[in-house]
Amino acid sequence: MNAICTKNLTKKYALGWRQGRLLALDSLNLQVNDGEVYGLLGPNGSGKSTTLKLILGLISRTDGDAWVFDVPCDKVQSRLHVGFLPENPYFYKYLTGMETLEFYGRLCGMRGAPLQKRINELLELVGLTRARDRRLAGYSKGMLQRIGLAQAMIHDPKLLLLDEPTAGVDPIGSRDIRDMILRLKNMGKTVLLCSHLLEQVQEVCDRIGVLNLGKMILEGNMETLIRDQRRLTFTVQDLSDSARAQVEATVRAAGGQVLSVAHPQTTLESLFLDALKKDERGMGHHD
Amino acid sequence: MTESQVNLTTAATAIKPGRVGFSLHRVWIIGLNTFTESMRQKVFNILLIFALVAISSASFFTEFTFSEQLKFMKDFCLGAVSVFGTLIAIVGTAQLLPNELENRTIYTILAKPVRRLEFILGKYIGMALLLFISVLMMSLMLGAVLKIKEARMVMVAQQGVDQASTPDAREAAEGDLAQIRADTADLDIIKGIILIFIKLSLLAAITLLISTISTSMIFNVAVAFMVFFAGHLRSAATEAWAHHKIWLALLAILPDLGAFNVADDINLGNLIPWQHVGLVAADGLGRIVIILIATHLIFAKREI
Amino acid sequence: MRHKFLAILVLVLAAVLFSPLENRIQAERVWRKYGGARVSLPLREKLGQGTAVALLAGLRGVVADFLWIQNADYFVKDEWVPMYRNIELVTTLQPQSTTFWEQGAWHMGWNIGYSVSKDPKNENTAQGIRREREWHQKARDFLLRGIDNIPQQYDLYFALGWLYWTKLAKDCGENTDCQRAAYSKAAEYFGAAGEFPEAPTYIGREYARALEKCGRDRDAYEYWKTLWKADHKMTNQLWTEVERNIKRLEDALAIPEDKRVPRNKDDGSLQVPL
């Protein structure tokens, strides 16, 4: 069974009187397999949000079909096993973290001790246990993102739709969310992730699709797509200058080209996180 | 987020697979949430202003007759219930949907197995609950201030009886005393309050309908107030346009809000039978149901 | 779009469905005299903008009270023209208020009348008296309109009777026919007021006096007798006054002994009926 399946899914928005219609999504054929992490990429206005909204039944389709676990998307029951984290959520400012999760849990039919247990676990998981009784008006951007993730997961859905889950979040929180996604994958969850942060997508996604102007222009397995078949990278250590010259000569003799020889770089993120780890006062989490 | 080995319980949901039916429980959850949000936004501060009105109207105008003083007090306080209630009903409801869209909370709710009808009904129920509590608290305050005022007036009137120089003057003073007791104990005022509450609920329903078409809070408030004033003018306009069937037909879409204002007549001592209250209430409640149906028809297909 | 049309259709159908109920409610409101004058353009022009908006918001009682409270100020400052305008306006807004009609008539018949009679702009005393009498007539017409609006309470009947008794009868001067007609009217209205069970006892006594004043001594005697026959546990009734008038009229009308109200043998006081 596919977690998500769309066939010729099309959406046209009416622009107003005598202004015609905007083709936001053009015959999208998308399949997200059960248990995989799928990255949906594209520039602004490419149709990513439209796709998510169509899958969630928030907007109606112009043409085509869409299913979630074989249930048509326009049916309420298609959302039984879906959790959604919208982009830049604010939630209800006057509820506490605990009350927010309680609200969403009760909406999903949960109650009593099982609900409380689930809430406690999720708050622990997203690192908001200490802020559980604080109103959301006092939460930072990162904390709102985390409570958003928690509410998406409150009813233990099989499929999670995450729209820019790390937008506005600091590198520590961003890494945590990334780890969370990998963990969900290990639990057998399916994740559809929309993000502009391509490095993060590269780290977590099994497959990606790239939308542009409503059309899918590239889709496939991550590893396969980003691999440059023509080039090889050797990483060596403790090589003398003369040995290096010999290696270069060998490559040329075999008909190859030495494109670059340089010292590898660590990533800025690793450098940042390592520096924080080494700080005796610990890593900053303002909750 | 910690790296501790937190194990999540799985399949914690109590949702049974299959068709998701309409649930009053979900309506109530959303309603309670709406009410809590409004309460924590300090809507009830408005009640402090009401308390000020009640106390002022009871303390001033002592140069008038007892009947006049009580009439002023009841008119001003019930007028304040109506005015503050209208502000809560219109402004409070007008920002419900725009806020949900701005905060994106509507996405998180409708992404759950929640029907649009449950959502919109829940929002309305929350608002109606807020109006009910507000009107109840203002009415209780009015009752309390009325009792204090009665005690003061009875003291003065009793002096009038004791100091009357002729039997006729005594009889007139005793009449005043009896009138004070009758005016303050007149429970008919409850009929006026019931109809005020229904009118406010009707205004909230109308505002909710308008807000499903427009997401601008200012537009919603403006149009709702236009309907409010037009509704009060309806009976006058019906008379003026009695021979124009098309205009009459269009007018009939507006509720006749003037019919809900029986508080003035009650304060004058007019008899308002329960049967009449029942007719007006039935009209109000019937209109609310129809407006909510229309609201659902629009909201069900609205692109979020 | 289709659903928006459907929603409009639902609202229109509802309007059709609710029309009979709303027409019935409106008819009842008219019949029971709820509300006051319709919010018309002439009415709105008489009210200020703020008060017109308040009226449109359904605050009829508050607007009327606000205007009435202004009258206290006008009374103190002798500003009778704005006061009279307010009285007319307030009784238009709330024609079901006994207080507004009663007090309004009092201002017109007593305060305004007296004030215009003493107006330095009067050419002579006669003009002053004539102007005062015009206000008495205005007060009478005003009360008649009040009674039309509130026929179910005794207050305005009594107020009109009192106006005839104290002002309109005196306006007749030496004209005895005019006086008799005025006292007759006073009797008529005192009698109407006395018919109400909640009317105070002094109204009955005033009625009897008014009957005498307009030359109906026999009727007055019969009426004093009906008062005497009422429940003597009523402490408000002036029994000595009733007794005194019965005795006086029996002598004045030369009622035969056997037709008079029985006396107590010891002191000649009237026997209290069982």
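Structure report, in brief.

As a further point, take the overall build of chain B. For chain B, the count of helices and strands is 12 helices and 0 strands. Scanning chain B from its N terminus toward the C terminus, one meets helices and strands in the order α-α-α-α-α-α-α-α-α-α-α-α. A globule of 304 residues ought to have a C-alpha radius of gyration of about 19 Å, yet chain B, at 25 Å, is considerably larger. Taking the principal axes of the C-alpha coordinates as reference, chain B spans close to 90 × 65 × 35 Å. Looking at chain B residue by residue over its 304 residues, the buried ones come to 46%. Restricting to contacts in chain B with at least 6 residues of sequence separation, those with at least 24 account for 80%.

A separate point is the pairing of strand S7 (residues 159–163) of chain A. Residue and element names in this part refer to chain A. With 5 of 5 residues buried, S7 is to be regarded as a mostly interior element. Side chains of S7 alternate between two faces, with Leu159, Leu161 and Asp163 and Leu160 and Leu162 buried alike. Relative to S7, strand S6 (residues 82–85) runs parallel, the two sharing 4 bridges. Residue pairing for S7: Val82 is matched across the bridge by Leu159. At this point the chain moves from S7, through helix H5 (residues 171–186), to the parallel strand S8 (residues 190–194), and the crossover so formed is right-handed.

Here we take up the arrangement of the chains. Contacts are most numerous between chains B and C, considering all 2 pairs of chains that are in contact. If you take every C-alpha in chain A and every C-alpha in chain C, the smallest gap between them is 11 Å, and the two do not touch.

Residue and element names in this part refer to chain A. Taken in spatial order, the 6 strands line up as S6-S7-S8-S3-S9-S10 in an open sheet, and their pairing is mixed. Pairing within the sheet leaves two strands with one partner each, and these edge strands are S6 and strand S10 (215–221). Taken pair by pair, the neighbouring strands of this sheet meet at an average axis angle of 15°, ignoring direction. The pairing of S7 with S8 spans 5 bridges and is parallel. When the sheet's bridge partners are listed, Asp163 is paired in S8 with Cys194. Each of S6 and S7 touches helix H4 (residues 141–153); the most contacted strand, S6, lies at about 165° to it. Relative to the sheet, H5 contacts strand S3 (37–41), S7 and S8, its axis offset from that of S8 by approximately 150°.

Moving on, we get to the interface of chain C and chain B. Residue-level contacts link 42 residues of chain C with 48 residues of chain B. Of all the secondary structure elements, the ones that give two or more residues to the side of chain C that touches chain B are helix H1 (2–31), helix H4 (60–76) and helix H10 (201–213) of chain C.

Time to look at the environment of Arg209(C). Its place among the elements puts Arg209(C) in helix H10. For Arg209(C) and Glu28(C), which are 181 residues apart along the polypeptide, the C-alpha to C-alpha distance reads 41 Å.

On to the environment of Gly50(C). Tracing the backbone shows Gly50(C) in helix H3 (residues 49–56). When the C-alpha positions of Gly50(C) and Tyr223(C) are compared, they lie 54 Å apart, and in sequence the two are 173 residues distant.

On to the nonpolar core, then. Within soluble globular proteins, side chains that are nonpolar tend to cluster in buried spots. Core analysis: the biggest nonpolar cluster contains 218 residues, and Leu161(A), Leu193(A), Leu131(B), Ala204(B) and Ala186(C) have the highest contact counts within it. The leading source of residues in this core is helix H8 (residues 189–213) of chain B, at 16 residues. With residues near it in sequence (within four places) discarded, Leu193(A) still touches Val37(A), Tyr38(A), Gly39(A), Leu40(A), Leu162(A), Ile181(A), Val201(A) and Cys205(A).

Residue and element names in this part refer to chain A. Relative to strand S9 (residues 207–212), S3 runs parallel, the two sharing 4 bridges. By the bridge assignment for S9, Leu41 is matched with Val210. As judged from the 6 bridges shared by S9 and S10, these two strands associate in the antiparallel manner. Among the inter-strand pairings, Arg207 is bridged to a residue of S10, identified as Asn221. Connecting the antiparallel pair S9 and S10 is a turn made up of 2 residues, with Leu213 showing a positive phi of about 50°.

Moving on, we get to the packing of H10(C) against helix H11 (residues 217–228) of chain C. Residue and element names in this part refer to chain C. As a packed pair, H10 and H11 sit with axes 7 Å apart at the nearest point and diverge in direction by 160°. One finds that H10 runs roughly antiparallel with respect to H11. Where H10 crosses over H11, the two elements pack in a sense that is left-handed. Contact residues: H10 offers Gly204, Tyr207, Ala208, Leu211 and Glu212, while H11 offers Asp217, Asp219, Ala220, Tyr223, Trp224 and Leu227. Classifying every residue of the contact of H10 with H11 gives 7 nonpolar, 1 polar and 3 charged.

Cut-offs applied
- Residues numbered from 1 in each chain as written.
- Chains lettered and ligands numbered in written order.
- Predicted model: local features only at pLDDT ≥ 70, side-chain atom pairs only at ≥ 80, totals over all residues.
- Helix = DSSP H or I, 4+ residues; strand = E, 2+ residues; numbered from the N terminus.
- Rg over C-alpha atoms; globule rule 2.2 N^0.38 Å.
- Buried ≥ 20, exposed ≤ 12 C-beta atoms within 10 Å, placed from the backbone.
- Contact = placed C-beta atoms within 7 Å.
- Pairing = 2+ DSSP bridges.
- Right-handed = clockwise from strand over helix to strand, strands pointing away.
- Axes fitted to C-alpha atoms, helices over the stretch in contact; angles between N-to-C directions.
- Core = buried A, V, L, I, M, F, W, Y, C linked by C-beta atoms within 7 Å.
- Parallel < 35°, antiparallel > 145°, perpendicular 65-115°, else oblique.
- Left-handed = near helix turned anticlockwise from the far one by under 90°.
- Nonpolar A, V, L, I, M, F, W, Y, C, P; charged D, E, K, R; others polar.

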